[in-house]
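Inside the fold
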Amino acid sequence: MAEISLAVAASHTPGLTGWFDKAPEADRDTVRAAYAEIHDAVVRSRTDVLLIIGNDHVENAPVSDCPDFTFGLAERHTGPDEWFKPWLRVADYAVPGRPDVADVLYRSVQGAGPRVRAVHENLRYDDNLSVPITLAGLVDAGVAVVPVLQNCTVPPIPDEQACYAFGAALGDAIRTRLPAGLRVGLFGSGGLSHEPGGPRYLEIDEKFDRWWLDLLVEGDHEKILAEGTFDRMEQAGSGGTAELLSWTVVMGAIGPRPCRSLGYAAVPQWRCGVGAVRWDLS
């Protein structure tokens, strides 16, 4: 029986790499400290495989045929995608994959509700993987990565209930279908409030962000699902805030439990509320 060794989530806005220096030093320190803790947690938890659940910005499927979740089965995951390099300004990276683990999980969640697919070639990665891999120093952390890219953009979008149920199926598959002794971490990549390209592109809903983080710290998942709905996320920033559904997947996998906030920053120049959390798995 494999074990879930780690559960974290963090924002991945390209402002954290492409225009990081536009923020006050205190906000930069908050982000550095949060991602440094995530790096240390990956290493200290002796995580073998890290599942990064991050949104897909319609780079890997046509709008007319967009799956809900895409498992990356490549032997190595490389990025960032060429088109995004000038925007993200991060170094090229390559992290080992675990196609054996990814394939077992992909097959195990068939029929769990959302439409899933598996892709054997390298996927196109923008900030969804590139920011966490870079800021958390995952290339040097000695961990394999399984990307699980999530549709948060193209209707019909799996809502909070569907994402939580998918996470529960994923957690069950990790515990019952993977080899004994394997240590599997979960990383929800996305959020917080932002509206990319919309009329509120330069606005951050700080009230929503802090409310959401407080809900997670409380650890009452029934309350989170009842109040932290897809519609409520859309009100805080259409087309972007619903990236937080990746955090909902992680919550489904680990079950009701509190977490600790690793910090929050609202920097208009980053065009996104930025935060991170780590769940208590003890």
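In this report, we go over the structure that sits alongside the text. (Residues numbered from 1 in each chain as written. Predicted model: local features only at pLDDT ≥ 70, side-chain atom pairs only at ≥ 80, totals over all residues. Heavy atoms only, no water.)

Turning to the pattern of salt bridges, a few remarks are in order. Scanning the model with the defined rule gives 13 salt bridges in all. Where Arg28 meets Glu25, a salt bridge forms, and the shortest distance between an N and an O atom there is 3.1 Å. Pair noted here: Arg28 and Glu25 are both in helix H2 (residues 25-44), with a separation of 3 residues, about one helical turn. The class for Glu25 is partly exposed, based on a relative accessible area of 39%. The closest approach of N and O atoms between Asp29 and Arg32, which form a salt bridge, is 2.8 Å. Remark: Arg32 and Asp29 occur in helix H2; sequence separation between them is 3 residues, near one turn of the helix. You can call Arg32 partly exposed: its relative accessible area is 39%. Three or more residues joined by partner-sharing salt bridges are found here, namely Glu25, Arg28, Asp29 and Arg32. (Salt bridge = Lys/Arg side-chain N within 4 Å of Asp/Glu carboxyl O. Helix = DSSP H or I, 4+ residues; strand = E, 2+ residues; numbered from the N terminus. Buried < 20%, exposed > 50% of the residue type's maximum accessible area, 1.4 Å probe, protein only.)

Scanning the model with the defined rule gives 2 cavities of 30 Å³ or more in all. The computed volume of the largest cavity comes to approximately 60 Å³. Taken together, Ala10, Thr30, Val31, Ala34, Tyr35, Leu262, Gly263, Tyr264, Ala265, Val274, Gly275 and Ala276 make up the lining of the largest cavity. Broken down by secondary-structure element, the contributors of at least two residues to the lining of the largest cavity are H2, strand E9 (259-267) and strand E10 (272-279). By residue class, the composition of the lining of the largest cavity is 9 nonpolar, 3 polar and no charged. (1 Å grid on protein atoms, 1.4 Å probe; cavity = no way out; pocket = protein on both sides within 12 Å on 5 of 7 lines; lining within 4 Å. Points joined across faces, edges and corners; volume = space filled by probe spheres on them. Nonpolar A, V, L, I, M, F, W, Y, C, P; charged D, E, K, R; others polar.)

By secondary structure assignment, the location of Thr70 is in strand E3 (residues 69-72). At 3.2 Å, the side chain of Thr70 forms a polar contact with the side chain of Arg117. Residues within four places of Thr70 in sequence aside, it is in contact with Arg117, Val119, Leu123, Pro147, Val148 and Leu149. (Polar contact = N/O pair within 3.5 Å; in protein donor to acceptor, adjacent residues only side chain to side chain. Contact = heavy atoms within 4.5 Å.)

All right, on to the environment of His77 then. Note on placement: His77 falls in strand E4 (residues 76-79). Take His77: its relative accessible area is 1%, and that puts it in the buried class. Each C-alpha atom of the pair His77 and Gly171 lies 23 Å from the other, and the pair is 94 residues apart in sequence. If sequence neighbours within four positions are ignored, His77 has contacts with Gly72, Tyr93, Ala94, Val95, Pro96, Gly97, Asn122, Tyr125, Val145 and Pro147. One polar contact links His77 to Tyr125, side chain to side chain, over a distance of 3.2 Å.

All told, the structure shown has 9 aromatic pairs when counted by the stated rule. One aromatic cluster is present, formed by Phe69, Phe71, Tyr106 and Phe166 through successive ring pairs. Sitting over the face of the ring of Trp211, Arg232 holds its NZ or CZ atom 5.5 Å from the ring centroid. (Phe/Tyr/Trp six-rings, centres within 6.5 Å; stacked < 30°, edge-to-face > 60°. Lys NZ or Arg CZ within 6 Å of the ring centre and 35° of its normal.)

With respect to the secondary-structure elements, Thr17 resides in helix H1 (residues 15-18). In this structure the side chain of Thr17 is engaged in a polar contact, spanning 2.8 Å, whose partner is the backbone oxygen of Leu88. Beyond its immediate chain neighbours, meaning those up to four positions away, Thr17 contacts Leu88, Arg89, Val90, Val131 and Leu135.

The mixed open sheet is built from 8 strands, whose spatial order is E6-E3-E7-E2-E8-E1-E10-E9. Sheet topology places strand E6 (116-119) and E9 at the edges, where each strand pairs with a single neighbour. Geometrically, the sheet is characterised by an average inter-axis angle of 20° between neighbouring strands, direction not taken into account. As paired strands, E3 and strand E7 (residues 144-151) are joined by 3 bridges and run antiparallel to one another. (Pairing = 2+ DSSP bridges. Axes fitted to C-alpha atoms, helices over the stretch in contact; angles between N-to-C directions.)

This paragraph deals with the pairing of strand E2 (residues 49-56). By the criterion of burial, E2 is predominantly enclosed, with 8 of the 8 residues buried. Strand direction decides the pairing type here: E2 and E7, joined by 8 bridges, are parallel. Bridging across to E7, Asp56 finds its partner in Asn151. Summarising the sheet, E2 and strand E8 (residues 183-189) pair through 6 bridges and their orientation is parallel. Paired with Leu50 across the bridge in E8 is Gly185.

The subject of this paragraph is the nonpolar core. One broad trend across soluble globular proteins is that nonpolar side chains are buried collectively. Formed by 54 residues in total, the largest nonpolar core has its most connected members in Leu51, Phe71, Trp212, Leu216 and Trp279. Beyond its immediate sequence surroundings of up to four residues, Trp279 is in contact with Ala7, Val8, Ala9, Leu216, Trp247, Val250, Met251, Ile254, Arg257, Pro258 and Cys259. Trp19, Ala34, Val42 and Trp270 belong to the second-largest nonpolar core, a separate cluster that totals 39 residues. (Core = buried A, V, L, I, M, F, W, Y, C linked by side-chain atoms within 4.5 Å.)

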